[in-house]
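# Observations on chain architecture
So you can see what is in the structure, the chains are spelled out below.
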Amino acid sequence: MTLSTPPTSTDMATYKVYDWERREKYWKTNMLVSWAHTYGKHDVGALIGYEESRNWGDEVDICKEGMSSVNLTDFDAMTDPYYIKGSSYEYSSRSWFGRINYAFDNRYLFEMNMRYDGSSRLDKDNRWEQFPSVALAWNAKQERFLRDVNFLSQLKLRVGYGETGNQAVEPYSAYTELEATRDAQNHLALSTKRIGTPNLRWERTQQWNGGIDFGAFNNRLTVSLDVYHKLSKDVLLEVDAPHYTGFSSRLENAAHILNKGFEITIGADPIVSKDFNWNTNITLSHNEGTIEELYSDKSYMVISGNYENKYFRNVKGKKLATMWGYVSDGVWKSWELADAPAGTEAGSYKFKDIDGVEGITEDDQTAIGNGQPSFQWGWNNTLTYKNFDLGIFIMGVHGFDIYNYTREARFATNGLINLGPNPEWANRWTPENENTDIVGFVKGINALTPSSQFVEKGDFVKVKSITLGYSLSNANLSKAGISKLRIYASIQNPFLFTGYSGIDPEVTLKSPLTSGIDWGYYPNGRNYLIGLNFAF
């Protein structure tokens, strides 16, 4: 692009004019060849495929000051722009994959898959990986000794093993990224924009699972049980970078994370009649996630990013979402100051000395809670009476803690945070009210000091939705050319039962690594809906 300066006049106004252009291209191809055949009781199938995708993009950003008109868009008529910046990217992926499946008499089923995936996002020596999987199933209901068991509708046993990969990182993340800048004398210079990650490789998940599907009484009663053991290796995470790098975070294959648990779903039709029907199903689940291995020289890692992440440490051998902080011991009383660290004010926070060394330091911090639920359930009911239908969905989450940062911040006196009036100040420490654990009006209370005082049980039961509908009869609709017409009204999040002092414990359940902190998150609203479903 050729740039030149247009004529200017000191008598006319000048403008700053921008020109920005971005282009993106995307290309993807898929090729599949499949084959299937039946030999008597034997069903055999196979598939082989190839897929490839490429992404390109670039952008140019130019700014010029001192332009005589905002209508001047011909940047070929300028020289010496205020700045000109540009960038481009390209990344691609390729995959070969195949599948073989076999079934004998619809009783014994087998499937095997293999993938060979490559990604340009990763280090050049670690771009290709193989990901196999295999699954077996036994449809026991089809066996001779069970075919005549009339009450049994379904009985199937399943077992499988599979590996999957994740390479969802920014292009060129394996390499240190430089950017052009101008120094104080307007000289061109290069500075580091992002630290590279040498040997960046695939995140790999290995999972074993087993299950059973059971149905009885024409499937009016069904039960599905799944158990799993999922180990994710070389997990890709943005973690805190060492201070000497000059950066707050860096991407790493940071850890091995193990998730194991079970899920059971029970469904039933307790009432089936001409006018009234009731269908119900409940799902129960338990998951335990732990840090199995860390690649850093520390015994823990801190996820980079938002402030709230600093309240968690992912410690080797401990559960995910472990809250880390000081153990509260109330507030300092006037008569205790002789034993308090120098400079302590009566009414300030008091923490337990965990390491036995004089003074309170970061070494006195320990696990103070955990935001990972141990048990969850959901219960869905649908009742119909003639043309009326009623749906109710209830859920529960149990066995987890919430760090109520919103409450903690309302005690801050360092001037950095102001969340309005705090009614708890009425019971604050004063010389006349020493028997309290509410901090007094003490200078410089920091709202970013994690303490067990603000950890609460987060267990809750919530009615997620109630929907009432009415369907008009087909006899009345057919005359108008309508095959279906249903009117309904619904309310979402009408009821919450919890001992948590905050507004909505559900919204604290976010990332598995930093789950269970209330950072002033907006609660799920109570919504009222009226709707109409129809078809011609």
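Residues numbered from 1 in each chain as written. Predicted model: local features only at pLDDT ≥ 70, side-chain atom pairs only at ≥ 80, totals over all residues. Heavy atoms only, no water.

## Concerning the confidence of the model for the protein chain
Within the protein chain, residue pLDDT values average 87, and 90% of them lie at 70 or more. The low-confidence segment residues 1-12 (pLDDT under 50) makes 28 contacts with residues lying over four places distant or belonging to another chain. (pLDDT = per-residue confidence, 0-100. Contact = heavy atoms within 4.5 Å.)

## Here's the deal with the pattern of salt bridges
Scanning all chains against the criterion turns up 29 salt bridges. In this structure, E51 engages R115 in a salt bridge whose closest nitrogen and oxygen atoms are separated by 3.5 Å. Residue E51 is located in strand β2 (residues 42-67), and its partner R115 is located in strand β4 (residues 108-119); the two are separated by 64 residues in the primary sequence. Taking relative accessible area as the criterion, R115 reaches 29% and is therefore assigned partly exposed. A salt bridge links R54 to E90; the nearest nitrogen and oxygen atoms lie 3.6 Å apart. With a gap of 36 residues between them, R54 in strand β2 and E90 in strand β3 (residues 83-104) connect regions that are remote in the sequence. By relative accessible area, R54 is classed as partly exposed at 22%. Overlapping salt bridges bring together E52, R54, E90 and R94 as one network. (Salt bridge = Lys/Arg side-chain N within 4 Å of Asp/Glu carboxyl O. Helix = DSSP H or I, 4+ residues; strand = E, 2+ residues; numbered from the N terminus. Buried < 20%, exposed > 50% of the residue type's maximum accessible area, 1.4 Å probe, protein only.)

## Section: the environment of N435
Within the secondary structure layout, N435 lies in the loop between α2 (405-409) and β22 (455-457). Classification of N435 by relative accessible area gives exposed; the value is 75%. Counting along the chain gives 104 residues from N435 to V331, while the straight-line C-alpha distance between them is 9.2 Å.

## Examining the packing of aromatic side chains
Going through the model one piece at a time under the given rule, you end up with 20 aromatic pairs. Relative to Y91, the ring of Y89 has its centre 6.0 Å away and its plane inclined at 20 degrees; by these criteria the two rings are stacked. For the pair W425 and F441, a centre-to-centre distance of 4.7 Å together with 55 degrees between the ring planes defines the contact as tilted. One end of the pair, W425, is in the loop between α2 and β22; the other, F441, is in the loop between α2 and β22, with 16 residues separating them in the sequence. Ring pairing ties together the aromatic residues Y311, Y326, Y349, F351, Y403, Y405, F411, W425, F441, F454 and W519, which thus form one cluster. The positively charged end of K25 is found above the aromatic ring belonging to W56, 5.4 Å away from the centroid. When the ring centre of W332 is taken as reference, the NZ or CZ atom of K350 above it lies at 4.7 Å. (Phe/Tyr/Trp six-rings, centres within 6.5 Å; stacked < 30°, edge-to-face > 60°. Lys NZ or Arg CZ within 6 Å of the ring centre and 35° of its normal.)

## Side note on the sheet that holds β22
Spatially, β22-β21-β25 is the arrangement adopted by the three strands of the open sheet, whose pairing is mixed. Only two strands of the sheet have a single partner each, and these edge strands are β22 and β25 (517-518). (Pairing = 2+ DSSP bridges.)

## As for the nonpolar core
Grouped together as the largest cluster of nonpolar side chains are 22 residues, with contacts concentrated most on Y403 and F411. Elements that contribute at least two residues to this core include exactly β17 (349-351) and α2. Ranked by size, the runner-up nonpolar core spans 12 residues in total, among them V235, I291, L320 and L513. (Core = buried A, V, L, I, M, F, W, Y, C linked by side-chain atoms within 4.5 Å.)

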